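Listed here are the chains, written in short residue letters.
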Amino acid sequence: YGVALEKGVFQFKVAEFLYMLLFGAVTLLSISFLLPSFNLVVLNGPFVFMLLYVWSKHYPTQNVSIMGLFQVQGFYLPWAFLMINMVLGGSPWQDLFGIFAGHMHYFLTELNPQTRHMMEPPLFVHKLVASFDGSAPARAGYARPTGVFRGRGQRLGGGN
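In this text the structure is predicted, and so the values were computed from the model without any measurement. (Residues numbered from 1 in each chain as written. Predicted model: local features only at pLDDT ≥ 70, side-chain atom pairs only at ≥ 80, totals over all residues. Heavy atoms only, no water.)

Any chance you could break down the confidence of the model for the protein chain for me, citing the residues and the numbers?
Atom-level detail of predicted coordinates should not be read off regions where pLDDT is low. Taken as a whole, the protein chain shows an average pLDDT of 85; of its residues, 84% reach a score of 70 or greater. In the predicted structure, residues 135-144 sits below a pLDDT of 50 and forms 0 contacts with residues beyond four places in sequence or in another chain. (pLDDT = per-residue confidence, 0-100. Contact = heavy atoms within 4.5 Å.)

Now the structure itself:
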């Protein structure tokens with residue numbers, strides 16, 4: 001689901017994608033420090049649920065097959081995985097914390113117009129992304145074509 005976000009919603013927005021991951025990590029670490037009784041030592045499960053929740057908000061009508069047994073719409077996918085985890089005897093708290101972190105990001109960036117500007121990536125994130133983007137030595141002599149249309153093409157409907 002992270003790849004679908006990276007290639008869909010966050011395509012050409014590497015800094016925004018990285019900032020979403022940083023926001024989720026900081027949110028989950030804060031929860032683990034503020035609520036030590038929930039024993040959130042390993043945060044990979046909640047982090048995956050955060051990505052899954054953000055994905056489900058951007059692709060709510062996409063049908064997803066769960067283990068080939070049944071299909072759910074993307075909107076319900078985090079909740080379906082939460083129910084499967086509970087049926088298998090797992091605790092719902094880690095998954096709920098991941099859903100909470102994903103909802104916080106989605107709410108602050110998409111739903112609330114007053115907080116959108118606060119959730120834009122800071123300058124250091126843009127600089128970090130730029131430092132990795134321009135570091136490919138094999139492509140140093142290559143000049144990327146500019147403009148919207150980069151192909152040759154042929155004029156339609158006219159003579160010459």
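Continuing now.
Report on the environment of Phe49, specifying residues and quantitative values.
When you line up the elements, Phe49 lands in helix 3 (residues 44-58). Sequence separation of Phe49 and Gly98 is 49 residues, and the distance between their C-alpha atoms is 4.8 Å. Among residues more than four places away in sequence, those in contact with Phe49 are Pro78, Phe81, Leu82, Asp95, Gly98 and Ile99. (Helix = DSSP H or I, 4+ residues; strand = E, 2+ residues; numbered from the N terminus.)

Provide a residue-level description of the nonpolar core, including the pertinent values.
Within soluble globular proteins, side chains that are nonpolar generally end up buried alongside one another. Counting residues in each nonpolar core, the largest one holds 25 residues, and the members touching the most others are Leu5, Met20, Ile66 and Leu77. Taken together, the elements giving at least two residues each to this core come down to helix 2 (14-34), helix 3, strand 1 (63-66), helix 4 (77-87) and helix 5 (93-111). Top contributing element to this core by residue count: helix 3, with 7 residues. The residues contacting Ile66, other than those within four sequence positions of it, are Val72, Leu77, Ala80, Phe81 and Ile84. Of all hydrophobic cores here, the second largest spans 7 residues; its members include Tyr19, Phe23, Val125 and Val129. (Core = buried A, V, L, I, M, F, W, Y, C linked by side-chain atoms within 4.5 Å. Buried < 20%, exposed > 50% of the residue type's maximum accessible area, 1.4 Å probe, protein only.)

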